[in-house]
Number of protein chains: 2
Amino acid sequence: MEKIKRTVFFVSDGTALTVAALGNSLLSQFENVEFTEKRIPFLNNERSAYDAVEKINQQAQKDGVRPLVFTTIIDQHLAEIVHTANAYCLPYFETFLAPLEKELGVSSLHLAGRSHGMDNDTYKRRIDGINYTLAHDDGISYKDLDKADVILIAVSRCGKTPTSLYLAMQFGLKVANFPLVEQDLQQERLSSKLLEHRAKLFGLTISPERLSHIREERRAGGVYSHIDTCRREIFAAEDLMDKSGIAYINSSKKSIEEIAAKIIQIKKIKI
Amino acid sequence: MEKIKRTVFFVSDGTALTVAALGNSLLSQFENVEFTEKRIPFLNNERSAYDAVEKINQQAQKDGVRPLVFTTIIDQHLAEIVHTANAYCLPYFETFLAPLEKELGVSSLHLAGRSHGMDNDTYKRRIDGINYTLAHDDGISYKDLDKADVILIAVSRCGKTPTSLYLAMQFGLKVANFPLVEQDLQQERLSSKLLEHRAKLFGLTISPERLSHIREERRAGGVYSHIDTCRREIFAAEDLMDKSGIAYINSSKKSIEEIAAKIIQIKKIKI
């Protein structure tokens, strides 16, 4: 069956990141449609609104079918301009803002660009989280582990670094991560420096097949990526975590966002 | 004027990250309401749906007013269970999925947890981006700059590292960043190793007052954070970038997301 094709615009007075994430969660439900995505961020004056309309109309003409347009535009006047385009609009703010005002019994500000507002405390927290996490990546340092919000452990290439950085970036958490190395696995116990902070420890695991695949892409054809090595390391790591009473999750089929959200949920971390 | 108080739940069959970002963009429009946020991620079976209802109802009783509940739940049966809670629901999927099916002329999958689906290519791109960016943070290496998607330059503490990591994490971009040091500023030109890649260069600047504040938090009371030092460095850096024809933006009042989105827009980077 041939796929239907459709162009999608994500139009926002801010970064357009949220509306794109949102739109994608809807579009992912349509398997037989091939979507081409375009973003129009920072739409915050009449000129950029008319430019957007022109761009959308040109696309409609080129495609022979009207594009989908997901919007998050607070300014009603600008939103109305965008809605004159030859497109099927899915306007988030217009749909929910008025009912929300009614429910809350107060009117809203209708001010654009507030969703990622620069708030000094949040900014500082994120920067501190990132700095801590970079300074405690991949076993670099055992210093200040009492300040960590969570300490990740896993064998090499399970996704410790991206998960740690995501937690720092997104939630301002301080994350340390340590590789489970041959010595840990052979001794069947973690170093006492980590066990001191048992409540903060959390493990990642992965299917041996996927680990082998990831390692192969990095360093092909060696013992390091061999399926037997991966199998042995993963079994030993899971065994060690089971014995030490350390919770872990399998990262094989999860995105970084999902792993991060699971860790927060399981460790009941305040964010 | 005393603030109205209201509890908000973000309920999702996925990470609840998108629905929270979305909900927050709406809630930020209400200045006179103090929202307390709670997340319920990974709601993907009847039991977790009924648990959510109970949690919401308990909160309603405690608050004496029904909570707001933003949802992104694809499974209609589970969504209906959640909607039985004593709450004001803002259901994203239910609102937009049916009209979208009609517009596209096809029915959707109604499958949960697809929005962050683990796609091997995307995962690999992100990991490669993160690894490259970590290996090229803060002037560590001039190697492989031809592989960079963008090269950020700025004086110390303008937000190079978080911006670089965000671009890598979110979009799988390879980002190198270099501090503008005393030598660059005095010579009024960049090193030739960077100028070779002029098309990839992009600058960050900041207000001297904000820079001084940020530096003060890191290392208090020295020349480094003194307003005169900051003023001199910023003026020299902007002058250098102007003369070299390098575009830059002021990061003072912008979130990391906004800086990243601006860079992508200005440099017309394919994402």
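An account of the accompanying structure is given in this report. (Residues numbered from 1 in each chain as written. Chains lettered and ligands numbered in written order. Predicted model: local features only at pLDDT ≥ 70, side-chain atom pairs only at ≥ 80, totals over all residues. Heavy atoms only, no water.)

**Re the overall build of chain A**
Item 1. Of regular secondary structure, chain A possesses 11 helices and 8 strands.
Item 2. What you see for chain A is a C-alpha radius of gyration of 24 Å, clearly larger than the 18 Å of a compact globule of 271 residues, by over 25%.
Item 3. Principal-axis analysis of the C-alpha atoms places the extent of chain A at approximately 70 × 50 × 30 Å.
Item 4. With 271 residues in all, chain A has 54% of them scored as buried.
Item 5. Across chain A, every contact between residues at least 6 apart in sequence was considered, and the portion connecting residues at least 24 apart equals 69%.
Item 6. Carbon and sulfur atoms form 47% of the exposed surface of chain A, whose accessible area is close to 12500 Å².
Item 7. Computed over 36 positive and 36 negative side-chain charges, the separation of the two mean positions in chain A equals 3 Å. (Helix = DSSP H or I, 4+ residues; strand = E, 2+ residues; numbered from the N terminus. Rg over C-alpha atoms; globule rule 2.2 N^0.38 Å. Buried < 20%, exposed > 50% of the residue type's maximum accessible area, 1.4 Å probe, protein only. Contact = heavy atoms within 4.5 Å. Areas by Shrake-Rupley, 256 points an atom, 1.4 Å probe, with all protein chains shown as cover. Lys, Arg positive; Asp, Glu negative; His and termini not counted. Charge placed at Lys NZ, Arg CZ, Asp CG, Glu CD.)

**So, the packing of helix α2 (residues 46-63) of chain B against helix α3 (residues 76-83) of chain B**
Residue and element names in this part refer to chain B.
Item 1. Put simply, α2 and α3 touch, their axes get as near as 8 Å, and they point 20° apart. Taken together, the axis directions place α2 and α3 in an arrangement best described as roughly parallel. In this structure, α2 meets α3 at a crossing whose hand is right-handed. For the pair formed by α2 and α3, the contact residues are E46, A49, Y50 and V53 on the first element and H77, L78, I81 and V82 on the second. (Axes fitted to C-alpha atoms, helices over the stretch in contact; angles between N-to-C directions. Parallel < 35°, antiparallel > 145°, perpendicular 65-115°, else oblique. Left-handed = near helix turned anticlockwise from the far one by under 90°.)

**Looking at the pairing of strand β2 (residues 33-40) of chain A**
Residues and elements named next belong to chain A.
Item 1. Bridge analysis of strand β1 (residues 4-12) against β2 gives 8 bridges, and the strand direction is parallel. Note on β2: the bridge partner recorded for F9 is K38.
Item 2. With respect to chirality, the unit in which β1 leads through helix α1 (residues 17-27) into the neighbouring parallel β2 is right-handed. (Pairing = 2+ DSSP bridges. Right-handed = clockwise from strand over helix to strand, strands pointing away.)

**Digging into the packing of aromatic side chains**
Item 1. Per the counting criterion, the structure on display carries 12 aromatic pairs over all chains.
Item 2. A ring pair is formed by F10 of chain A and F70 of chain A, whose centres lie 5.5 Å apart and whose planes are at 40°; its orientation type is tilted. Of this pair, F10 of chain A sits in strand β1 while F70 of chain A sits in strand β3 (residues 68-72), placing them 60 residues apart in sequence.
Item 3. On the basis of relative accessible area, F10 of chain A is assigned to the buried category, the value being 0%.
Item 4. With a centroid separation of 4.8 Å and 35° between ring planes, the pair formed by Y142 of chain A and F178 of chain A is classed as tilted. Note that Y142 of chain A is positioned in the loop between α5 (120-135) and β5 (150-154) and F178 of chain A in strand β6 (residues 175-179), a separation of 36 residues in sequence.
Item 5. Stacked on the ring of Y224 of chain A, the Lys or Arg R219 of chain A has its end atom at 4.4 Å from the ring centre.
Item 6. Positioned over the ring face of F42 of chain A is K262 of chain B, at 4.0 Å from the centre of the ring. (Phe/Tyr/Trp six-rings, centres within 6.5 Å; stacked < 30°, edge-to-face > 60°. Lys NZ or Arg CZ within 6 Å of the ring centre and 35° of its normal.)

**A look at the pattern of salt bridges**
Item 1. Applying the stated criterion across every chain, the model contains 24 salt bridges over all chains.
Item 2. The salt bridge involving E182 of chain A is made with R232 of chain A; its shortest N-O contact spans 3.3 Å. Here the residue E182 of chain A occupies a position in helix α7 (residues 182-187), and R232 of chain A occupies one in helix α10 (residues 227-244), the gap between them amounting to 50 residues.
Item 3. Overall, E182 of chain A belongs to the partly exposed group, its relative accessible area being 35%.
Item 4. When the shortest N-O distance is used, the salt bridge between R215 of chain A and E233 of chain A registers 2.8 Å. Linking R215 of chain A in helix α9 (residues 208-218) with E233 of chain A in helix α10, this pair joins segments that are 18 residues apart in sequence.
Item 5. What makes R215 of chain A buried here is its relative accessible area of 0%.
Item 6. With relative accessibility at 10%, the residue E233 of chain A sits in the buried group.
Item 7. A single network of salt bridges, built from pairs that share partners, joins R6 and R66 of chain A together with E103 of chain B. (Salt bridge = Lys/Arg side-chain N within 4 Å of Asp/Glu carboxyl O.)

**Structural notes on α5 of chain A**
Item 1. The end-to-end C-alpha separation of α5 of chain A is 22 Å, in line with the 22 Å expected for 16 residues at 1.5 Å each.
Item 2. Residues Y123, R126, I127, D128, G129, I130, Y132 and T133 of chain A constitute the buried set of α5 of chain A.
Item 3. On its buried side, α5 of chain A packs onto α6 (160-171) and β6 of chain A together with α6 (160-171), α9 (208-218) and α11 (256-266) of chain B. (Expected span 1.5 Å × (residues − 1).)

**Here's the deal with the packing of helix α5 (residues 120-135) of chain B against α6 of chain B**
All names here are of chain B.
Item 1. Here α5 crosses α6 at 165°, and the two axes come no closer than 7 Å. Judged by the inter-axis angle, α5 sits roughly antiparallel to α6. Relative to α6, the crossing made by α5 is right-handed. Listed contacts from α6 to R125, R126, G129, I130, T133 and L134 of α5 are S164, L165, A168, M169 and F171.
Item 2. Of the residues that constitute the contact of α5 with α6, the class distribution is 6 nonpolar, 3 polar and 2 charged. (Nonpolar A, V, L, I, M, F, W, Y, C, P; charged D, E, K, R; others polar.)

**Comments concerning the relation of the copies chain A and chain B**
Item 1. Structural alignment of chain A on chain B gives an RMSD of 0.1 Å, achieved by rotating through 180° and translating 0.0 Å along the axis. In short, the pair behaves as if placed about a two-fold rotation axis. Proximity to the rotation axis, assessed at the C-alpha, singles out T18 of chain A in chain A; its C-alpha lies 3.3 Å from the axis. (Least-squares fit on C-alpha atoms with pLDDT ≥ 70 in both.)

**Observations concerning a positive patch on the surface**
Item 1. Residues K38, K55 and K62 of chain A together with K268 and K270 of chain B make up a contiguous surface patch of positive charge.
Item 2. Inspection of the secondary structure puts K62 of chain A in helix α2 (residues 46-63). (Patch = residues over 30% accessible without salt bridge, like charges linked within 9 Å, V, L, I, M, F, W, Y side chains within 5 Å.)

**A closer look at the interface of chain A and chain B**
Item 1. On the side of chain B, 82 residues touch chain A, which itself brings 81 residues to the contact.
Item 2. Between chain A and chain B lies a buried interface of about 7500 Å² when both sides are counted; carbon and sulfur atoms form 67% of it.
Item 3. Looking at the side of chain A facing chain B, the largest losses of area belong to Q29, F30 and E103 of chain A, adding up to 10% of the total buried there.
Item 4. Linking chain A with chain B are 8 salt bridges.
Item 5. A salt bridge links R126 of chain A to E257 of chain B, with the shortest nitrogen-to-oxygen separation between them at 3.1 Å. (Buried area = accessible area lost by both parts, 1.4 Å probe.)

**Details of the sheet that holds strand β3 (residues 68-72) of chain B**
All names here are of chain B.
Item 1. With respect to topology, 4 strands assemble into an open sheet ordered β2-β1-β3-β4, the strand pairing being parallel. The open sheet has two edge strands, β2 (33-40) and β4 (88-91), and neither has a second partner. For this sheet the average axis-to-axis angle between neighbouring strands, irrespective of direction, equals 20°.
Item 2. Pairing of β3 with β4, which is carried by 4 bridges, proceeds in the parallel orientation. From the neighbouring strand, F70 faces β4, where its bridge partner is L90.

**Describing helix α4 (residues 92-104) of chain B**
Residue and element names in this part refer to chain B.
Item 1. The end-to-end C-alpha separation of α4 is 18 Å, in line with the 18 Å expected for 13 residues at 1.5 Å each.
Item 2. Taken residue by residue, α4 has Y92, F93, F96, L97, L100, E101, E103 and L104 as its buried positions. Projected down its long axis, α4 carries its buried residues within an arc of 160°, all on one side.
Item 3. Positive backbone phi, approximately 70°, marks G105, located one or two places after α4. (Arc of directions from axis to C-beta.)

All quantities given are derived from atomic positions and should not be read as evidence of function.
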